[in-house]
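# Summary of the model geometry
Here is what each chain is made of, one letter per residue.
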Amino acid sequence: MKPSNMRILLAPTLLVTTLAFTPIPPTAIRFTPTSYTASPPTAFGATNGKRGRVTIAMSDDSKGSAVGVGGGTASISNEIFNLVKSIVGAGVLSLPAGIAAFGNAPTAVIPAVSLITIIGFFSAYGFSLIGRVCSYTGGKSYREAWSETVGEETSWLPAATCTMKTCCAVLSYSMILADTIRALFMTATGMEVTRTVALLGITSTTLLPLCLLKNLSSLAPFSLVGVAGMFYTAVAMAIRYFQGVYKLGSPAVKATKTAAVPAGKFLVDVAKNYQPQFGELGASAALSPNVFILICMLSTAYMAHFNAPKFYNELKNNTIKRYNTVVGTSFGISVLLFALVGSLGFLTFGSASSGLILNNYSTKDILMSLSRVAVAVSIVFSFPLAFVGARDGWLDLLNVPSEKRSNAVLNKATLAILSVITLIATQLKELAFIMSFAGATLGNALIYIYPALMFKSAVKKMGVKASKGLRREVPFALFSALLGLVMGSIGTKMALGML
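Now for a quick tour of the structure.

So, about the overall build of the protein chain. The helix and strand inventory of the protein chain stands at 15 helices and two strands. Relative to its 499 residues, the protein chain shows a buried fraction of 54%. In the protein chain, of all internal contacts separated by at least 6 residues, the share reaching a separation of at least 24 is 81%.

Next comes the structure, spelled out in structure tokens:
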């Protein structure tokens with residue numbers, strides 16, 4: 001695909017993204033508290049002595065002027081930045097391989113961009129549903145929202161899913177660091193080391209000490225490097241694509257007087273299996289079952305849904321309209337970045353696109369080496385934040401009370417969990433498999449199935465107070481759950497076929 005055609009292809013994405021994610025004010029719910037505290041209700045619409053009387057009045061407010069019950073102190077702009085930061089992670093670097101899973105011709109990016117936009121829309125809808133359920137129930141976490149709607153006895157299910165999904169995120173971080181540190185070591189010293197040596201080195205000298213820290217608040221600002229790094233990577237990939245420094249050469253053909261086309265200057269430094277490969281499977285190849293690999297990878301890439309209650313509750317004046325503005329804008333920005341990185345990587349390397357697209361670029365390419373540095377720094381300092389979530393999740397599932405979580409217990413748990421994750425990361429080399437399998441199983445549950453079930457139960461518990469708009473929306477929510485179930489079933493089968 002020519003660069004000019006690339007610009008024509010991606011230009012409509014801006015329009016599609018804007019239209020798809022323009023917040024549409026949903027049915028509003030008004031709360032009239034007499035005295036409100038942060039503690040959640042003991043039952044749906046109930047009072048517990050610490051909360052005053054709550055009056056629920058449903059209305060189809062076209063202006064979205066639902067009266068908020070306070071919320072936190074975060075502005076819309078702060079929430080948008082933080083949500084984009086949560087969505088846009090290293091997972092975006094596997095999307096070119098997702099496109100390569102079903103196509104090998106440049107036109108395969110056309111259905112791919114469409115899928116990125118559609119899945120982004122449904123992911124945003126699921127994120128919105130979770131926040132709305134929290135507004136109806138007063139839930140402060142994913143588990144609380146489930147308990148207040150579906151039931152306390154099964155609240156372990158979303159908690160376990162969140163924990164396992166976080167473990168998969170930590171595992172993917174380790175796999176990315178293994179490849180990235182190895183490439184950076186080659187760039188810096190000219191010497192080659194194995195993935196295992198690179199991973200054990202960074203884990204023992206950096207990751208383990210950081211994970212053993214008891215206060216991680218000082219690491220949070222470094223996650224900003226991740227957002228900047230992803231945008232920088234998109235720009236760098238665009239520069240290299242339009243420069244053609246990785247394109248294949250072709251000899252002159254005397255019969256047609258076709259001149260020879262020289263190969264890109266960095267191509268000689270790229271391993272044969274990472275050099276560009278293109279074929280005839282274009283847009284029509286999206287009808288292949290292999291397209292579900294990309295779809296399920298997107299379920300992992302868009303994953304931030306376990307934090308939806310936090311974003312709703314921390315938003316200042318948290319009306320549904322304001323919350324949906326945050327959700328729509330954040331996912332719209334993410335869709336655009338995912339489309340750019342996925343398309344540019346695939347158009348540069350085709351079916352040879354690696355599960356970590358940075359592996360395709362030469363270690364002598366300084367522009368892309370800076371991207372590796374940004375990604376490595378981001379993951380190193382994001383790793384402990386995600387790891388602590390996984391560790392605490394396991395302790396919660398094992399019913400270890402807070403008062404028994406001494407430093408000794410936390411240190412032992414850290415060593416045990418980190419050792420297992422590191423061991424698995426040394427054996428698994430295909431990041432695309434982790435992204436697609438985790439997305440097909442855990443991601444689809446958290447994004448599509450659980451939010452729909454919570455919303456359905458919330459509307460049911462409202463009884464006659466539920467508006468016609470909410471009741472009409474339930475079938476669509478259940479459709480999204482069914483969609484997630486079907487995508488997950490097929491995607492799991494296709495992901496296992498990658499092994």
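What follows is about the side chain of K165. Summarising the element assignment, K165 is placed in helix α6 (residues 156–189). Buried K165, no salt bridge; nearest opposite-charge side chain is E430, N-O distance 15 Å. Beyond its immediate stretch of four places on either side in the chain, K165 contacts T300, M303, F306, A438, L442, G443 and L446.

Of note, S362 is situated in the loop between α11 (320–349) and α12 (366–397). When the C-alpha atoms of S362 and D269 are compared, they prove to be 5.6 Å apart, with 93 residues separating the residues in sequence. Beyond its immediate chain neighbours, meaning those up to four positions away, S362 contacts Y246, F266, D269, V270 and R372. A polar side-chain atom of S362 sits 2.9 Å from the main-chain amide nitrogen of K364.

When two helices pack together, their arrangement is given by the angle between the helix axes and by the axis-to-axis distance. Taken N-terminus to C-terminus, the directions of α6 and helix α14 (residues 431–462) make an angle of 155°; their axes are 10 Å apart at the nearest point. Taken as axis vectors, α6 and α14 run roughly antiparallel relative to one another. The handedness of the crossing between α6 and α14 comes out as left-handed. Counted together, L157, P158, T161, C162, M164, K165, C168, L171, S172, M175 and I176 of α6 and L431, I434, A438, L442, G443, A445, L446 and Y450 of α14 form the full contact between these two elements. Of the residues assigned to the contact of α6 with α14, the class counts are 15 nonpolar, three polar and one charged.

Turning to the packing of aromatic side chains, a few remarks are in order. A full pass over the atoms with the stated rule returns 21 aromatic pairs. Residues Y246 and Y361 carry aromatic rings whose centres are separated by 5.1 Å and whose planes lie at 85° to one another, so their mutual orientation is edge-to-face. Taken together, the positions of Y246 in the loop between α8 (224–243) and α9 (291–301) and Y361 in the loop between α11 and α12 put the pair 115 residues apart, joining distant regions of the chain. Taken individually, Y246 and Y361 each receive the classification buried, so the pair is uniform in this respect.

Attention now goes to the packing of helix α5 (residues 142–149) against α6. Contact pair α5 / α6: the axes reach a minimum separation of 8 Å and the direction vectors enclose 160°. By the criterion of interaxial angle, the relationship of α5 to α6 is roughly antiparallel. Our pair here, α5 against α6, has a crossing hand that is right-handed. Residue-level contacts link Y142, R143 and W146 of α5 to W156, P158, A159 and C162 of α6.

The subject of this paragraph is the pattern of salt bridges. Taken as a whole, this structure holds seven salt bridges when the rule is applied. K364 serves as the salt-bridge partner of D269, at 3.7 Å between the closest nitrogen and oxygen. Of this pair, D269 sits in the loop between α8 and α9 while K364 sits in the loop between α11 and α12; the two residues are 95 residues apart in sequence, bridging distant segments of the chain. D392 is paired through a salt bridge with R391; the nearest N and O atoms lie 3.4 Å apart. For D392, a relative accessible area of 25% translates into the label partly exposed.

Core analysis: the largest hydrophobic core is formed by 131 residues, its most contacted members being L93, F102, F127, Y302, F338 and F455. In terms of residues, this core owes the most to one element, α14, which gives 17 residues.

As for its position among the elements, T137 is in helix α4 (residues 109–137). At a separation of 3.2 Å, a polar atom in the side chain of T137 contacts the main-chain amide nitrogen of G139.

What follows is about α6. Here α6 contains 34 residues, and its C-alpha end-to-end distance of 49 Å stays within 8% of the 50 Å for a straight helix at 1.5 Å per residue. Remark: G190 follows α6 within two positions and exhibits a positive phi of approximately 80°.

Another point: α12. Taking 1.5 Å of rise per residue, 32 residues should cover 46 Å, and α12 covers 45 Å from first to last C-alpha, within 8% of that figure. Taking the largest bend as the criterion, α12 deviates by roughly 35°, centred on S382, and proline P384 comes between one and four positions later. The opening residue of α12, the one whose side-chain oxygen lies 3.2 Å from the backbone nitrogen of L367, is D365. Phi for N399, located one or two positions after α12, is positive at around 60°.

With respect to the helices and strands, R132 occurs in helix α4. Here R132 falls in the buried class, since its relative accessible area comes to 2%. Here the alpha-carbon distance between R132 and Y312, two residues 180 residues apart in the chain, equals 8.2 Å.

Inspection of the secondary structure assignment puts L157 in helix α6. Separated by eleven residues in the primary sequence, L157 and W146 place their C-alpha atoms 9.3 Å from one another.

On to the state of the cysteines. This structure, assessed with the given rule, holds zero disulfides. Looking at the unpaired C168, the closest cysteine sulfur is the one in C167, lying at 7.1 Å.

Criteria and thresholds
- Residues numbered from 1 in each chain as written.
- Predicted model: local features only at pLDDT ≥ 70, side-chain atom pairs only at ≥ 80, totals over all residues.
- Heavy atoms only, no water.
- Helix = DSSP H or I, 4+ residues; strand = E, 2+ residues; numbered from the N terminus.
- Buried < 20%, exposed > 50% of the residue type's maximum accessible area, 1.4 Å probe, protein only.
- Contact = heavy atoms within 4.5 Å.
- Lys, Arg positive; Asp, Glu negative; His and termini not counted.
- Salt bridge = Lys/Arg side-chain N within 4 Å of Asp/Glu carboxyl O.
- Polar contact = N/O pair within 3.5 Å; in protein donor to acceptor, adjacent residues only side chain to side chain.
- Axes fitted to C-alpha atoms, helices over the stretch in contact; angles between N-to-C directions.
- Parallel < 35°, antiparallel > 145°, perpendicular 65-115°, else oblique.
- Left-handed = near helix turned anticlockwise from the far one by under 90°.
- Nonpolar A, V, L, I, M, F, W, Y, C, P; charged D, E, K, R; others polar.
- Phe/Tyr/Trp six-rings, centres within 6.5 Å; stacked < 30°, edge-to-face > 60°.
- Core = buried A, V, L, I, M, F, W, Y, C linked by side-chain atoms within 4.5 Å.
- Expected span 1.5 Å × (residues − 1).
- Bend = angle between axes of the 7 residues up to and from the residue.
- Disulfide = S-S within 2.5 Å.

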